Amino acid sequence: MAARRRAREKAAATAERVPVVRVRMTGKERRQQLLDVARALFAEKGFDATSIEEIANRAGVSKPVVYEHFGGKEGIYAVVVDREMRDLLDRIVSALSGGHPRELLEQAACALLDYIEDGTDGFRILVRDSPVASTTGTFSSLLNDIASQVEHILGVHFDARGYEPKLAALYSQALVGMVALTGQWWLEVRKPKKDEVVAHLVNLAWNGLSHMEPKPRLRTR
């Protein structure tokens, strides 16, 4: 027993003398690491409850390193938001290129729910009220950008079907708002499954659009 104990102590002493090799990150790698860490914290706790010290600790660096890359908490938050906004906008705009209008609606709804599923942390950050100015705007302005893309598509089909093209803006806001609000709800419940949610959204939107009255009137006034 004593021999085994001495062997273990000798092995432990030897291990202590072996230097720990740390891989030094490049500036680009460190910046990306800090963004990933901050993204997770902002999604989990929100902007106000997240501190530079916490970001630094989780990344295994000192606070000055974070300041060096981003200037402060507002700076790193703005970069995180800008990156998420560009990602979501690119996904949805790409989904709105080509195809039948019903397929475009389906693809756009899938793109949003795919983003929510793949980038849950990013979506949680976007749907919160941002306390920091972003170069790409807010979630509301992002939805307006998407609605503008939808408006152009609807305008062409409204004109061909005898509907007032000027109303395409109203309908595009309604469609985008419906999908976005459903996405925020699905973010938390995750039921039913993603494809089923999209199918029901398209069912409501498309069947409503395909049976529209050219000049609808209120029945209660």
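Starting from 1, residues in each chain are numbered consecutively following that chain's sequence as written. Local features are withheld for residues below a pLDDT of 70 in this predicted model, meaning they are given only at 70 or higher, and side-chain atom pairs are given and counted only at 80 or more; totals for whole chains, interfaces and linings count all residues. Side-chain measures were taken over the full set of non-hydrogen atoms in the model, leaving aside hydrogen atoms and water.

As recorded in an unreviewed UniProt entry, the chain goes by TetR family transcriptional regulator and comes from Gandjariella thermophila.

Participant: Even after reading the chapter, I still don't get helix H10 (residues 194-210), so can you show me in this structure?
Facilitator: Note that an α-helix has 3.6 residues per turn; residues three or four places apart therefore point the same way. Here a strand is any run of E in DSSP of at least two residues, a helix any run of H or I of at least four, and the numbering for each starts at the N terminus. Residue count minus one, scaled by 1.5 Å, sets the expected span of a helix. With 17 residues, H10 extends 24 Å between its outermost C-alpha atoms, agreeing within 8% with the 24 Å of an ideal straight helix rising 1.5 Å per residue. Two residues form a contact once any of their heavy atoms are found within 4.5 Å. As for H10, its buried residues are in contact with helix H6 (101-118) and helix H9 (168-189).

Participant: What is the right way to read the nonpolar core from this model?
Facilitator: A general trend in soluble globular proteins is that nonpolar side chains are found buried together. Residues Leu34, Phe42, Ile55, Ile76, Leu88, Ile92 and Leu112 are the most contacted members of the largest nonpolar core, which totals 61 residues. Among residues more than four places away in sequence, those in contact with Ile76 are Leu34, Leu35, Ala38, Phe42, Ile55 and Phe70. Joining through side-chain atoms within 4.5 Å is the link that ties buried Ala, Val, Leu, Ile, Met, Phe, Trp, Tyr and Cys residues into a set, and such a set is a nonpolar core. We call a residue buried when its accessible area falls under 20% of the maximum for its residue type, exposed when it is over 50%, and partly exposed in between, using a 1.4 Å probe and counting protein chains only.

Participant: Help me out: how do you make sense of the side chain of Glu84 in this one?
Facilitator: Considering the arrangement of structural elements, one finds Glu84 in helix H5 (residues 73-95). Each polar contact in these results corresponds to two N or O atoms within 3.5 Å; when the atoms are within protein, one needs to be able to donate a hydrogen and the other to accept it, and residues that are neighboring in sequence are counted only if both atoms are side-chain atoms. A distance of 2.6 Å separates a polar atom in the side chain of Glu84 from a polar atom in the side chain of Arg39. Each residue touching Glu84, except ones within four places of it in the same chain, is listed here: Arg39, Tyr115, Gly122 and Leu126.

Participant: Is there a simple way to think about the UniProt feature "DNA-binding region" (unreviewed entry) in the chain in this case?
Facilitator: Per the UniProt record, the feature "DNA-binding region" (unreviewed entry) sits at residues 51-70. For residues 51-70, helix accounts for 80% and strand for 0%, while the C-alpha atoms at its two ends are 13 Å apart. UniProt positions are given in the numbering used here, feature names are shortened, and annotations may be inferred rather than shown by experiment.

Participant: When you look at the pattern of salt bridges in this model, what are you seeing that I'm missing?
Facilitator: Oppositely charged side chains can pair when the atoms bearing their charge come close. Here, a salt bridge means any Lys or Arg side-chain nitrogen found within 4 Å of an Asp or Glu carboxyl oxygen. Following the criterion strictly, the structure yields nine salt bridges and no others. Among the salt bridges present, the one from Arg91 reaches Asp87, with a minimum N-O distance of 3.1 Å. Taken together, the residues Arg91 and Asp87, both in helix H5 and four residues apart, mark about one turn of the helix. On the basis of relative accessibility, which here comes to 28%, the residue Arg91 falls in the partly exposed class. On the basis of relative accessibility, which here comes to 31%, the residue Asp87 falls in the partly exposed class. Notably, a salt bridge pairs Lys194 with Asp114, separated by 2.5 Å at the nearest N-O pair. Remark: Asp114 occurs in helix H6 and Lys194 occurs in helix H10; sequence separation between them is 80 residues. For Lys194, a relative accessible area of 16% puts it in the buried group. Bridged by salt links that share partners, the residues Asp87, Arg91 and Asp118 form one connected network.

Participant: Where do I start with the side chain of Thr50 in this structure?
Facilitator: You can see Thr50 is positioned in the loop between helix H2 (27-45) and helix H3 (52-59). The contacts of Thr50, once residues within four sequence positions are left out, are Leu41, Phe42, Lys45, Ile55 and Lys73.

Participant: Would you take a moment to explain H3 for this structure?
Facilitator: Listing the buried residues of H3 in full gives Ile52, Ile55, Ala56 and Ala59. Buried residues of H3, seen end-on, are gathered within an arc of 95° and therefore sit on one face of the element. Next to the buried residues of H3 lie H2, helix H4 (63-70) and H5. Downstream of H3 by a residue or two, Gly60 has a phi angle that is positive, lying close to 75°. This arc corresponds to the set of directions leading from the helix axis out to the C-beta atoms.

Participant: What exactly am I supposed to notice about the environment of Val127 here?
Facilitator: Relative to the helices and strands, Val127 resides in helix H7 (residues 120-127). Looking at Val127, the relative accessible area reads 26%, which means it is partly exposed. Spatially, the C-alpha atom of Val127 lies 8.9 Å from that of Thr138, the residues being 11 residues apart in sequence. For Val127, the residues in contact, after removing those within four places along its chain, are Phe139 and Gln184.

Participant: Explain the packing of H2 against H7 here, please?
Facilitator: When two helices pack together, their arrangement is given by the angle between the helix axes and the distance between those axes. At a minimum axis distance of 8 Å, the contact between H2 and H7 shows a crossing angle of 55°. Considering their axes alone, H2 and H7 lie oblique with respect to each other. Where H2 crosses over H7, the two elements pack in a sense that is left-handed. Where H2 abuts H7, its residues Arg39, Ala40, Phe42 and Ala43 lie against Asp121, Gly122, Arg124 and Ile125. The nonpolar class holds Ala, Val, Leu, Ile, Met, Phe, Trp, Tyr, Cys and Pro. Asp, Glu, Lys and Arg form the charged class, and all remaining residues, Gly among them, are polar. Partitioned by chemical class, the residues of the contact of H2 with H7 number four nonpolar, one polar and three charged. Note on definitions: angles span 0 to 180 degrees between N-to-C directions of axes, and those axes are lines fitted to C-alpha atoms, for helices only across the stretch in contact. Small angles under 35 degrees read as roughly parallel and large ones over 145 as roughly antiparallel, with 65 to 115 read as roughly perpendicular and the rest as oblique. We call a crossing left-handed when the near helix sits turned anticlockwise from the far one by less than a right angle, and right-handed when that turn is clockwise.

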